[in-house]
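Examination of the molecular architecture
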Protein chains: 2
Amino acid sequence: MLNTRRNSSRSLCWSSQATAPTGRPGSSFPARPAARRPGGGTHPLTQAADNARLFEYEQRVKSAFDAIVPVLKKVSALQHEEEFEQRAQMMAREQLGFELPEHILADAWVEQLDMKRLFAWCVFETYRRFCDDFFSADPLSEPEKQSFQTFLQDCGFHTLDISPCADGRLAHVIHYVLRLPYRAVRRKSYAGAMFDIEDSLAKWTETELLRFREGRPNTADAPTRYLKAVVYHFSSVDPNHEGCAAHGSDTGRAARAGLERLQAFQQAVQNSFCCGASIDLLLIGLDTDTDAIRVHVPDAQGEIDLDDYLDARELYDVTRTLPAQQAETRIAEHVQRSAPGAPEGMLRLITYLLRNNFSQIDYVHHYHGEHYDDIGHAERFIGAGIGFEEVQLRNLTYFAYLDTVEEAAQDLDVGVKIFTRLNISHGLPIPVVVRYDYHGHVPGARDRAIAHCERVANALTTRYDGIAARGLLHTLLVVRDCHSGGRIEVLGSSLSEQLQEAH
Amino acid sequence: MLNTRRNSSRSLCWSSQATAPTGRPGSSFPARPAARRPGGGTHPLTQAADNARLFEYEQRVKSAFDAIVPVLKKVSALQHEEEFEQRAQMMAREQLGFELPEHILADAWVEQLDMKRLFAWCVFETYRRFCDDFFSADPLSEPEKQSFQTFLQDCGFHTLDISPCADGRLAHVIHYVLRLPYRAVRRKSYAGAMFDIEDSLAKWTETELLRFREGRPNTADAPTRYLKAVVYHFSSVDPNHEGCAAHGSDTGRAARAGLERLQAFQQAVQNSFCCGASIDLLLIGLDTDTDAIRVHVPDAQGEIDLDDYLDARELYDVTRTLPAQQAETRIAEHVQRSAPGAPEGMLRLITYLLRNNFSQIDYVHHYHGEHYDDIGHAERFIGAGIGFEEVQLRNLTYFAYLDTVEEAAQDLDVGVKIFTRLNISHGLPIPVVVRYDYHGHVPGARDRAIAHCERVANALTTRYDGIAARGLLHTLLVVRDCHSGGRIEVLGSSLSEQLQEAH
């Protein structure tokens, strides 16, 4: 289980490269075989086998993306040599697992290879293969989904709806940081975790109607509530620069803004519906350098104190030498003590989240050391739209949940700013995947998803016309029938023919 | 009750002009005192007193808007004369009921009066006064709102949700054409009546939840359904040019598109929820020249036939000589015969709508003759956003129900095209009221409505930057607490200081 940058021996249906790439420029994901091994041992509650499986998966996916630049560099160096096309394709096949679009290569002799287009094409193709793997091989299979739902209801909640920040360093918060089955949790990401209240209210309404009409996930008379959580974030290593951009790297501001948004949503539910309609709230902070969480345990009245939280890292330390069972009891005691009289179910859920987080603390510690090397942004692409359940990995995607560019302009501006530094400053374009999932059993839903994709892609190109015109913004248009659970459907891209040729 | 262009003697809290204006350039609203009186008499079912009251109100509102251009023409002619400002203000006070912004007048001597700004300012001020009158004096008071809701439920429907075309010639469809209490009907207008299915689905969900949770408007076990209606339109006088622009003035296409959208919504409900969830559908056509409707009566299975409809004008003619009671029975017989075995409640509602429409047929006939003079567009401003319940008048407002400019671009483009002909071709700007209603009892709702207004106004200016930069597009920003039922709140406008000065 030692750190390694080499791909595992598992057969890769979508990525057959065998070499360790050195990452794109600007990427701070560790590209060297990690030599260090921090002070040994793990917490007794850590699920070491899960960590190994999750790390293998993360490495496999990120290596595929990070192989692109090194391969393209070599291809570029070859472009005026003899038998260039054959040699380039052989290299791409071997190291990327797919061939490059022929006519881009074929035109190289005229002037030179269009590396910007080639790069975007490779990112999109890698994304497609990553998705196909995810939806066909189910690499993050979740046998515990059903048992988690039962547990959640036992704790008094029929829905867990989490809004993390859109920052790519939080994209793994559900499956990795909190170790929750991603299919059992609603995740909608917004810059600064500033989720849309009307959108959440519509989801609450739909959820409650399903309980009344169809008894899903439980009947309306069950004494459970809708739990809305916000995950804000901060950086323990470089708090003034690597915190939340949307809140000026000010941890206090990020937490306060998250709490205010939660309270506004709660009040919106209470005021829009009568008869005691309400929701429960949870505020969680994430140190994106170590993946340790802090939980602001709500008190007996459900009130959340910004200055009062339990730090998973501290609990980890004080329970590390205990046997597993005792450690778990100790966590529960700390949680209870922090909020006397609070509902038992909420305390149990928080204990569960803290305990789960210990595995992730060890994950980072074991594979990365004191903290991640890439404490800053290192996303590989922007994901804009609705869907993206396959994105459960840290720093892979800057994710903006959006209906329109107009409403999400702030989220997108933050993303484009990040990628200006990551990609454009190195001459590489920003790859944006525009994605809309739809329910295939609803007639016309696919057509509407396609129209939605096209409208948003056009709006993106209009908003960022300066960089788009210079070939520095490319969009891939994708829809997916989330009802059938099948693969994604690629509609096309701003690279047009090149992409279609490949399929 | 003879046609008259003079204002009634009713005291006008918001419009004190006493002269008959001659309309703005391009306006085809009859500007002359109507001399004709078409073949006498009305239908025995016509509510003549309602017609008189409705006509007085329509005249009063439209006269206020139509007074602007004639007054500004005179003001323009005076601008280099002695005591210009005093004389202009006197004229404005007398004929418009308000004073003009002083500093625009004061600057006239330098070059010349900025008539574009002055025109937009007057339209916005007139709109504000029109709204204040509406929300304080309740000129369309609806004592029958409650009885209509009872009737609707007796017919088997707990909600009536109507999507007309955004065309201003349909803005009066609820209160005038169908004689329904506007507060008891949901109206959302879209170009070509192409309503948003997701938006309607959210409304359906909310409606059903309120029935389950709060028994509003009735409990969920009552055997009633949600009725969604589309109103498409056509022109009997000039069918190839004055029909629905969004469907190329093709009546068949407009009807078919409306039906398809209705069916897609029904299927979306059926497929998104189980346990027999569904809705009922109704397709209505409107002749915008005469205000006569046609109703495509759904058959016993709820199926709608595009080629099979009842024409109110024909029913009017065949029942005109009968006593009222017999006429009503005769309509009901026709409706029943057109759809044997159809649910009795649906037939009763359709009979009611057709009978109501007779009053409007007589309204047009009596005050305008065979058809309206302004069979084409003659809207006074564009209304964009959510709200506008005060707009119940024909050809006053091109109305686009919208969350974002991005999603509603097509609707807005149609509106801007219409106003390019109506206003810009005469050198006058397009006045756009951006409006968001909010529920004042929900904390933060007002702030969000204000932010929404500002975002949409900015997006409008961006989308139409060419005309905006030339001073040919002006926006007024308005919010309203629809929960308290109070007046509108003007936030500001693209005319900035001028507007604020006035208040």
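Residues numbered from 1 in each chain as written. Chains lettered and ligands numbered in written order. Predicted model: local features only at pLDDT ≥ 70, side-chain atom pairs only at ≥ 80, totals over all residues.

1. A short note on the overall build of chain A
Definition in use: Runs of H or I in DSSP of at least four residues are treated as helices and runs of E of at least two as strands, each being numbered from the N terminus. A residue pair is marked as a contact if its C-beta atoms, positioned from the backbone, fall within 7 Å.
If you tally the helices and strands in chain A, you get 16 helices and 11 strands. Pairs at least 24 residues apart make up 70% of the contacts formed inside chain A by residues separated by at least 6 positions.

2. Topic: the relation of the copies chain A and chain B
Two copies of one chain are present, and they are related through a rotation about an axis combined with an axial shift. As a reminder, the rule being used: In superposing the copies, a least-squares fit is computed on C-alpha atoms, taking residues whose pLDDT is at least 70 in both.
If you rotate chain A by 180° and push it 0.0 Å along the axis, it lands on chain B with an RMSD of 0.0 Å. Such a combination of rotation and displacement between the chain copies is what one expects of a two-fold axis. Minimal C-alpha separation from the rotation axis in chain A is found for A:Leu209, amounting to 2.6 Å. Comparing interface residues between copies, 97% of those in chain A also sit at the interface in chain B, which points to an isologous, same-surface contact.

3. Comments concerning the sheet that holds strand S1 (residues 157-164) of chain A
Hydrogen bonds along the backbone pair up the strands of a sheet, which may run parallel or antiparallel. Residue and element names in this part refer to chain A. Short version of the rule: For two strands to count as paired, DSSP must find a minimum of two bridges between them.
If you trace the 6 strands from one edge of the open sheet to the other, you get S2-S1-S3-S4-S5-S6, paired in mixed fashion. With one partner strand each, in any of the chains shown, strand S2 (186-187) and strand S6 (310-311) form the two edges of the open sheet. Two strands pair when backbone bridges link them, and S1 and strand S3 (residues 225-234) are joined in this way by 7 bridges, in the parallel orientation. Its bridge partner lying in S3, Ile 162 is registered against Ala 229.

4. Here's the deal with the interface of chain A and chain B
It is common to give the size of an interface as the accessible area lost on bringing the parts into contact. As a reminder, the rule being used: Note on residue classes: Ala, Val, Leu, Ile, Met, Phe, Trp, Tyr, Cys and Pro are nonpolar, Asp, Glu, Lys and Arg are charged, and everything else, Gly too, is polar.
Between chain A and chain B, the contact holds 29 residues from the first and 29 residues from the second. Within the residue set of the side of chain A that touches chain B, elements represented by two or more residues are helix H8 (197-214), helix H9 (251-272) and helix H14 (445-463) of chain A. With 8 residues, the top contributor of residues to the side of chain A that touches chain B is H8(A). Broken down by class, the residue content of the side of chain A that touches chain B amounts to 13 nonpolar, 8 polar and 8 charged.

5. Points about the packing of helix H10 (residues 312-319) of chain A against helix H12 (residues 344-368) of chain A
Residue and element names in this part refer to chain A. In plain terms, the rule: Where helices are involved, their axes are fitted lines through C-alpha atoms of the stretch in contact, as for all axes, and angles between N-to-C directions lie from 0 to 180°. Orientation categories follow fixed angle ranges, with anything under 35 degrees roughly parallel, anything over 145 roughly antiparallel, 65 to 115 roughly perpendicular, and all other angles oblique.
Direction vectors running N to C along H10 and H12 enclose 85°, while the axes themselves pass 10 Å from each other. By the angle between their axes, H10 is roughly perpendicular relative to H12. Residues Ala 312, Arg 313, Leu 315 and Tyr 316 of H10 form the contact with H12, whose own contacting residues are Leu 354, Asn 357, Phe 358 and Ile 361. Taken together, the residues that form the contact of H10 with H12 break down as 6 nonpolar, 1 polar and 1 charged.

6. Considerations on the pairing of strand S8 (residues 397-401) of chain A
Each regular strand shows side chains that alternate between the opposite faces of the sheet. Residues and elements named next belong to chain A. This is how it is decided: For every residue, the other C-beta atoms within 10 Å of its own C-beta are counted; 20 or more classify it as buried, 12 or fewer as exposed, and values in between as partly exposed. C-beta atoms are placed from the backbone.
For S8, a buried count of 5 out of 5 residues is recorded, marking the element as mostly surrounded by other parts of the structure. Where strand S7 (residues 381-386) meets S8, 5 bridges bridge the pair, whose relative direction is parallel. Each bridged residue has a counterpart across the sheet, and for Gly 383 the counterpart in S8 is Phe 399.

7. Here's the deal with the sheet that holds strand S9 (residues 430-438) of chain A
All names here are of chain A. Here 5 strands make up an open sheet; going across it, the order is S8-S7-S9-S10-S11 and the pairing mixed. This sheet does not close on itself; its edge strands, each paired only once, are S8 and strand S11 (488-493). Strand-to-strand, the axes of this sheet are offset by a mean angle of 25°, without reference to chain direction. Along the sheet, helix H13 (residues 409-422) contacts S7, S8 and S9; its crossing angle with S8, the most-contacted strand, is approximately 165°.

8. Some thoughts on the confidence of the model for chain A
Residues and elements named next belong to chain A. The condition is simple: Confidence of the predictor in every single residue is expressed as pLDDT, which spans 0 to 100.
Of the residues in chain A, 91% have a pLDDT of 70 or more, and the chain-wide mean is 90. Every residue in residues 1-39 scores below 50 in pLDDT, and together they form 75 contacts with partners more than four places removed in sequence or on other chains. pLDDT under 50 marks residues 497-503. Its contacts with residues more than four places away, or in other chains, come to 13 contacts. The ipTM for the predicted assembly is 0.84, set against a pTM of 0.88.

9. Describing the nonpolar core
To keep it simple, the criterion reads: What we call a nonpolar core is a set of buried Ala, Val, Leu, Ile, Met, Phe, Trp, Tyr and Cys residues whose membership is set by joining through C-beta atoms within 7 Å. Domain segmentation is taken from an automatic or database assignment of domains.
Counting 144 residues, the largest nonpolar core has A:Ile68, A:Val123, A:Cys165, A:Val231, A:Val432 and A:Val434 as the members making the most contacts within it. Here this core spans two domains, and each of domain 1 (145-368) and domain 2 (378-502) of chain A adds at least three residues to it. Residues within four places of A:Val434 in sequence aside, it is in contact with A:Ala384, A:Gly385, A:Cys453, A:Val456, A:Ala457, A:Leu460, A:Thr475, A:Leu476, A:Leu477 and A:Val478. B:Ala67, B:Ala92, B:Leu353 and B:Tyr436 belong to the second-largest nonpolar core, a separate cluster that totals 143 residues.

10. Structural notes on the domain arrangement of chain A
Residue and element names in this part refer to chain A. Under the domain assignment, chain A is made up of domain 1 (145-368) and domain 2 (378-502). Here domain 1 and domain 2 have C-alpha centroids that lie 28 Å from each other. Contact residues are listed per partner, giving 16 residues for domain 1 and 16 residues for domain 2. The residue makeup of the side of domain 1 that touches domain 2, split by class, is 9 nonpolar, 4 polar and 3 charged.

11. Things to note about the pairing of strand S10 (residues 473-481) of chain B
All names here are of chain B. With respect to burial, S10 is a largely interior element, 8 of its 9 residues being buried. Bridge count for strand S9 (residues 430-438) against S10 is 9 bridges, and the pairing is parallel. What sits directly across from Val 434, in S10, is Leu 477. Bridge analysis of S10 against strand S11 (residues 488-493) gives 5 bridges, and the strand direction is antiparallel. Along S11, the bridge assignment pairs Arg 480 with Ile 488. The turn linking S10 back onto S11 is made up of 6 residues, and Gly 485 within it adopts a positive phi angle of 75°.

12. Focus: helix H12 (residues 344-368) of chain B
Residue and element names in this part refer to chain B. Stated precisely, the cut-off is as follows: Under the convention used throughout, the expected extent of a helix is 1.5 Å for every residue step, that is, one less than its residue count.
Taking 1.5 Å of rise per residue, the 25 residues of H12 would be expected to cover 36 Å, and the 36 Å separating its terminal C-alpha atoms lies within 8% of that figure. Summarising burial for H12: 22 of the 25 residues are buried, a large majority. With its phi angle positive at about 100°, Gly 369 sits one or two positions after the end of H12.

13. Points about unusual backbone geometry
Residues A:Arg216 and A:Pro217 are joined by a peptide bond in cis, for which omega reads -10°. Following the sequence through the fold, A:Pro217 ends up in the loop between H8 and S3. Residues other than glycine seldom take positive phi values, yet A:Ser249 does so here, at roughly 55°. Structurally, A:Ser249 is set in the loop between S3 and H9. A positive phi is found at B:Phe388, a non-glycine position, where the angle reads about 65°. Summarising the element assignment, B:Phe388 is placed in the loop between strand S7 (381-386) and strand S8 (397-401). Classification of B:Phe388 as buried rests on a count of 23 C-beta atoms within 10 Å.

14. Regarding helix H1 (residues 48-66) of chain B
In this model H1(B) runs 26 Å from its N-terminal to its C-terminal C-alpha over 19 residues, within 8% of the 27 Å that 1.5 Å per residue would give. In this structure, the buried residues of H1(B) make contact with helix H2 (68-78), helix H5 (115-137), helix H7 (173-177) and H12 of chain B.

15. What to know about the environment of A:Gly215
Residue and element names in this part refer to chain A. Secondary-structure assignment places Gly 215 in the loop between H8 and S3. Residue classification places Gly 215 among the partly exposed residues on the basis of 13 C-beta atoms within 10 Å. Here the alpha-carbon distance between Gly 215 and His 371, two residues 156 residues apart in the chain, equals 45 Å.

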